[in-house]
Amino acid sequence: MSIRVCCLGSVESDVAQDAPPLGLRARGVRATVGLFFLALAAWMPFWPLSLLVAWFGASHLVAAATGYRGCPELGAIPSFVLRRKVSTVCKPWERLDDMLGAGWRPAAAKLTPTQGEGEAPDWSFGGTWPYEPKWFATDDIRIHYVDEGPRQGEPVVMLHGHPAWSYLYRRFIGGLAEAGFRAVAHDQIGFGRSDKPERVEDYTIQRNVKHFAALMDELALDGITLVLHDFGGPLGLAWAVEHPERVKRLVILNTFTGSVPAGADRTALLWIKLMGAPGLGELLVKGARLPVRMFLLRMGIFHRERIGEHERAAYLAPHPTWASRAGLLAYPRLWPFDARNPTWVVARGIEDGLPK
């Protein structure tokens, strides 16, 4: 097994819809206010009040990132008490996507087959995803994947991370197939067009490895080049160390072995902890879809001019409802900040099994 390392930066509301977005100065003020409240929350000893203050601070940070005007509509309690009837406060997060995202996606991209709506939505996204969907059932889960190029071609298997799906490799797939390779990419449980259990506890790296192993056996692939990005890293590496005879090479993009990298950016780790925190994580991830809206579509793309309405719709389409976003929330909680996390065992196995 050979390893090639590629350090890449990326592979890639009602209130503000009629008004221009906030300017840089106003965003800076919002961000400063948000950071102040988050710092204050971290200092407070009384955790219920700390959570409320963190909630308020996070709302200002998201408003700064998105540029939306008005009081940040992340459901900070003062906003809803002052601006809305009490009856509308009960489930504010289920309403958040409509407030922030009405203009981000066409109606055809709102639902996925895994939400029980059949095959009606157009998943070609303006021709940017022209590949035939294939399906594989394992562990009571339906897995979506694409398999392009000649069957006898050397297999290149691409694994996406959080919060993307196999659409991330849309250009890779076409180019590899044209060059004579067999290009395979699947959607992990909770992402893309694969099934999306509604319980956060249903998501583990071990379960993803089990699904991936079953798919590789089903396709009977050997001599594989594995392309690994983000959480696709621990998934693919865990399988590779158990099946080294089936792996020809590893192409390592932005990823990790499953343990927290020693030189990881502290700000990034703080955001991961905030998105995984009970209560606040539901707000940031299942409500605002911060991993997609901010970290993928804004911070995660170097050439934003290359991302048009079809690409935005493609990344937003897999998680149209609160219930469909359990996978988005689960992954920040799979970072092994301590040995009790189930990912810790996976990381140890990978690091012990990789060639030294």
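Since the model is a prediction, treat every value here as computed from it, not as a measurement.

Draft legend 1. Representation of the nonpolar core within the structure. With 92 residues, the main nonpolar core has Leu 226 and Leu 284 as its most contacted residues. Per element, the largest residue contribution to this core is 7 residues, and it comes from helix H6 (residues 205-219). Not counting residues within four places of it along the chain, the set of residues in contact with Leu 284 comprises Ala 58, Val 62, Trp 271, Leu 274, Met 275, Arg 289, Leu 290 and Pro 291.

Draft legend 2. Up close: helix H9 (residues 280-287). Taking burial as the measure, the 8 residues of H9 include 7 buried ones, the bulk of the element. Every buried residue of H9 is listed here: Leu 280, Gly 281, Leu 283, Leu 284, Val 285, Lys 286 and Gly 287. Once H9 ends, the next one or two residues include Arg 289, with phi positive near 50°.

Draft legend 3. Inspection of the pattern of salt bridges at higher detail. Inspection of the entire model under this criterion finds 13 salt bridges. With a shortest N-O distance of 2.8 Å, Asp 147 and Arg 151 are connected by a salt bridge. The salt bridge partner of Arg 333 is Glu 282, with a shortest N-O separation of 3.2 Å. One end of the pair, Arg 333, is in the loop between helix H12 (326-330) and helix H13 (343-353); the other, Glu 282, is in helix H9, with 51 residues separating them in the sequence. Residue classification places Arg 333 among the partly exposed positions, given a relative accessible area of 27%. Glu 282 gets classed as partly exposed once you look at its relative accessible area, which sits at 22%. Shared partners join several salt bridges into a network, and the residues in it are Asp 139, Arg 207 and Lys 210.

Draft legend 4. Geometry of the side chain of Ser 166. Residue placement: Ser 166 occurs in the loop between strand E4 (155-159) and helix H5 (170-178). The class of Ser 166 is buried, set by a relative accessible area of 1%. Here Asp 187 takes part through its side chain, which lies 2.6 Å from a polar atom of the side chain of Ser 166.

Draft legend 5. Representation of the environment of Val 260 within the structure. Along the chain, the position of Val 260 falls in the loop between strand E7 (247-255) and helix H8 (266-276). Through-space distance from the C-alpha of Val 260 to that of Asp 338 is 9.5 Å; in sequence the pair is 78 residues apart. With residues near it in sequence (within four places) discarded, Val 260 still touches Leu 269, Trp 335, Pro 336 and Phe 337.

Draft legend 6. Spatial organisation of the pairing of strand E3 (residues 141-148). A large share of E3 lies buried, amounting to 6 of its 8 residues. Summarising the sheet, strand E2 (residues 134-138) and E3 pair through 5 bridges and their orientation is antiparallel. Each bridged residue has a counterpart across the sheet, and for Phe 136 the counterpart in E3 is Ile 143. Sheet topology places E3 next to strand E5 (residues 182-186); 4 bridges connect them, and they run antiparallel. Following the sheet pairing, Tyr 145 is matched in E5 by His 186.

Draft legend 7. Spotlight on the packing of H8 against H9. Contact geometry of H8 with H9 gives a least axis separation of 6 Å together with a crossing angle of 100°. By the criterion of interaxial angle, the relationship of H8 to H9 is roughly perpendicular. Touching Trp 271, Leu 274 and Met 275 of H8 are Leu 280, Gly 281, Leu 284 and Val 285, all from H9.

Draft legend 8. Quick look at H6. Helix length check: H6, at 15 residues, gives a terminal C-alpha distance of 21 Å against a target of 21 Å (1.5 Å per residue), a fit within 8%. Within H6 the residues assigned to the buried category are Ile 205, Arg 207, Asn 208, Val 209, His 211, Phe 212, Ala 213, Leu 215, Met 216 and Leu 219. Just downstream of H6 lies Ala 220, where phi reads positive at about 55°.

Draft legend 9. The arrangement of the confidence of the model for the protein chain in detail. Per-residue confidence for the protein chain gives a mean pLDDT of 80, with 77% of residues at or over 70. Across residues 5-10 the pLDDT falls below 50, and counting only partners more than four positions away or on other chains, this stretch makes 13 contacts in the model. Under a pLDDT of 50 for its full length, residues 13-19 has, in the predicted model, 13 contacts with residues more than four places off or in other chains.

Draft legend 10. The layout of surface pockets, seen in detail. Quantified by volume, the second largest pocket comes out at close to 290 Å³. Along the walls of the second largest pocket sit 15 residues, with Ala 41, Ala 42, Ser 50, Ala 54 and Leu 274 positioned nearest its centre. For the lining of the second largest pocket, the secondary-structure elements that each account for two or more residues are helix H1 (24-43), helix H2 (47-66) and H8. Per element, the largest residue contribution to the lining of the second largest pocket is 5 residues, and it comes from H1. Within the lining of the second largest pocket, the residues separate by chemical class into 14 nonpolar, 1 polar and no charged.

Draft legend 11. Expanded view of the packing of aromatic side chains. Tallying each qualifying case throughout the model produces 18 aromatic pairs. Each ring, one from Trp 123 and one from Trp 165, has its centre 5.6 Å from the other, and the planes form 90°; the classification is edge-to-face. Placement of the pair is Trp 123 in the loop between helix H4 (92-101) and E2 and Trp 165 in the loop between E4 and H5, with a sequence separation of 42 residues. Trp 165 shares its class with Trp 123; the two are buried. Plain terms: the ring middles of Trp 271 and Phe 295 are 5.6 Å apart, the flat faces sit at 70° to each other, and that makes the pair edge-to-face.

Scoring rules and cut-offs
Position labels on residues start from 1 in each chain and follow its written sequence. It should be noted that, the model being predicted, local features are given only for residues of pLDDT at least 70 and side-chain atom pairs only at 80 or more, the latter also being counted only at that level, while totals for whole chains, interfaces and linings use all residues. As a convention, hydrogens and water are excluded, and side-chain values are obtained from all of the structure's heavy atoms. For our purposes a nonpolar core is just a set of buried Ala, Val, Leu, Ile, Met, Phe, Trp, Tyr and Cys residues, chained together by side-chain atoms within 4.5 Å. Note on classification: 1.4 Å probe, protein chains only; a residue is buried when its accessible area is under 20% of the maximum for its type, exposed when over 50%, partly exposed between these limits. Under the DSSP-based scheme used, a helix requires at least four consecutive residues in state H or I and a strand at least two consecutive residues in state E, with every element numbered from the N terminus. Contacts: residue pairs with any heavy atoms within 4.5 Å of one another. Any carboxyl oxygen of Asp or Glu that lies within 4 Å of a side-chain nitrogen of Lys or Arg is treated as forming a salt bridge with it. Polar contacts, as used here, are pairs of N or O atoms within 3.5 Å; protein pairs need one atom able to donate a hydrogen and one able to accept it. Residues neighboring in sequence count only if both atoms are side-chain atoms. For two strands to pair, DSSP has to find at least two bridges joining them. For every element, the axis is a line fit to its C-alpha atoms; helices are fit only across the contacting stretch, and the angle between N-to-C directions ranges from 0 to 180 degrees. What sets the label is the angle itself: under 35 degrees gives roughly parallel, over 145 gives roughly antiparallel, 65 to 115 gives roughly perpendicular, and the rest give oblique. To estimate the expected span of a helix, subtract one from its residue number and multiply by 1.5 Å. By definition, pLDDT measures how confident the predictor is in each residue, and it falls between 0 and 100. Here a cavity denotes a set of grid points, spaced 1 Å apart and computed over the protein atoms alone, in which a 1.4 Å probe fits but from which it cannot get out, and a pocket denotes an open set meeting protein on both sides within 12 Å along at least five of seven lines; residues with an atom within 4 Å of a point are reported as lining. Grid points are joined across faces, edges and corners, and a volume is the space filled by probe spheres set on the points. Charged means Asp, Glu, Lys or Arg here, nonpolar means Ala, Val, Leu, Ile, Met, Phe, Trp, Tyr, Cys or Pro, and polar covers whatever is left, Gly included. Two rings belonging to Phe, Tyr or Trp (six-membered ring only in the last case) form a pair when the distance between their centres is within 6.5 Å. Interplanar angles under 30 degrees mark stacking, angles over 60 mark edge-to-face geometry, and anything in between is tilted.

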